Amino acid sequence: LAVSPGGVARAPRAIIGEVIGLLKYTTKTLRNEEPENYAEDHGERFVAGLSTAEELVGAFQAASADLSAAIMAAPDDIWMNEVMPPWQMKDTVFGITNVAINHIWYHDGQINTYQCLYGDDKVHWMD
């Protein structure tokens, strides 16, 4: 979880921290709350103190469930509001929500590749 494949790739733990951070940012935006100062290099704070796969998966699942609840409860008129997301390119709330969801799949592919490199050819996202 903390090893950088090839010595330059980000470790799975860092990837999970980044994903959780963007999920939390998007959840707060959907709730019309002030998001935390999210940045990719701050993903560590979202996984601080978590050292096992079970703990990391639990933190991700909690952030995902929170985002899902925020999506379901979001008022219809919020989706086209323009906001300035962490990557500093103005977008709509709909746009950043879409990015957050796709961000999960993108990084899931990275982690799946890491698993295969280390000899694990099982699909785990349905576990």
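First, a word on scope: everything that follows refers to the structure included in this document. All figures in this text were calculated on a predicted structure; none of them were measured in a lab.

Rules behind the numbers
- Residues numbered from 1 in each chain as written.
- Predicted model: local features only at pLDDT ≥ 70, side-chain atom pairs only at ≥ 80, totals over all residues.
- Heavy atoms only, no water.
- Helix = DSSP H or I, 4+ residues; strand = E, 2+ residues; numbered from the N terminus.
- Rg over C-alpha atoms; globule rule 2.2 N^0.38 Å.
- Contact = heavy atoms within 4.5 Å.
- Phe/Tyr/Trp six-rings, centres within 6.5 Å; stacked < 30°, edge-to-face > 60°.
- Salt bridge = Lys/Arg side-chain N within 4 Å of Asp/Glu carboxyl O.
- Buried < 20%, exposed > 50% of the residue type's maximum accessible area, 1.4 Å probe, protein only.
- Axes fitted to C-alpha atoms, helices over the stretch in contact; angles between N-to-C directions.
- Parallel < 35°, antiparallel > 145°, perpendicular 65-115°, else oblique.
- Left-handed = near helix turned anticlockwise from the far one by under 90°.
- Nonpolar A, V, L, I, M, F, W, Y, C, P; charged D, E, K, R; others polar.
- Core = buried A, V, L, I, M, F, W, Y, C linked by side-chain atoms within 4.5 Å.

### Re the overall build of the protein
Check the secondary structure of the protein and you find three helices and two strands. Secondary structure of the protein in N-to-C order comes out as α-α-β-β-α. Computed over C-alpha atoms, the radius of gyration of the protein comes to 15 Å, within 12% of the 14 Å expected from 2.2 N^0.38 for 127 residues, which places it in the range of a compact globule. Projected onto the principal axes, the alpha-carbon positions of the protein cover approximately 50 × 30 × 25 Å. Sequence separation of 24 or more characterises 61% of the internal contacts of the protein that already satisfy a separation of 6 or more.

### Observations regarding the packing of aromatic side chains
Counted by the stated rule, this structure contains one aromatic pair. Consider the rings of Trp 79 and Phe 94, whose centres lie 6.5 Å apart with planes at 75°: the pair is edge-to-face. Of this pair, Trp 79 sits in the loop between α2 (53-73) and β1 (82-83) while Phe 94 sits in helix α3 (residues 93-117), and the two are 15 residues apart along the sequence.

### Observations concerning the pattern of salt bridges
Summed over the entire model, instances satisfying the criterion amount to five salt bridges. Asp 121 is paired through a salt bridge with Lys 122; the nearest N and O atoms lie 3.3 Å apart. Note on accessibility: Asp 121 and Lys 122 belong to one class, exposed.

### Re the packing of helix α1 (residues 12-30) against α3
Between α1 and α3, the shortest axis-to-axis distance is 10 Å and the interhelical angle comes to 165°. As summarised for this structure, α1 and α3 are arranged roughly antiparallel, according to the angle between their axes. Between α1 and α3 the crossing geometry is left-handed. Of the residues in α3, those in contact with Pro 12, Ile 15, Ile 16, Glu 18, Val 19, Leu 22, Leu 23, Tyr 25, Thr 26, Thr 29 and Leu 30 of α1 are Val 93, Ile 96, Thr 97, Val 99, Ala 100, His 103, Ile 104, His 107, Gln 110, Ile 111 and Tyr 114. Of the residues in the contact of α1 with α3, the class split is 15 nonpolar, six polar and one charged.

### Focus: the environment of Leu 50
With respect to the helices and strands, the residue Leu 50 is situated in the loop between α1 and α2. For the pair Leu 50 and Phe 94, spaced 44 residues apart in sequence, the C-alpha to C-alpha distance is 31 Å. Setting aside anything within four residues of it in sequence, one finds Leu 50 in contact with Arg 13, Glu 55, Leu 56 and Ala 59.

### What to know about the side chain of His 103
Mapped onto the elements, His 103 comes out in helix α3. When near neighbours in sequence (up to four residues on either side) are disregarded, His 103 contacts Glu 18, Val 19, Leu 22 and Tyr 38.

### Details of the nonpolar core
Ranked by size, the top nonpolar core spans 25 residues in total, and within it Ile 16, Ile 20, Leu 23, Leu 30, Val 47 and Trp 79 carry the most contacts. Those elements that provide at least two residues to this core are α1, α2 and α3. Per element, the largest residue contribution to this core is eight residues, and it comes from α1.

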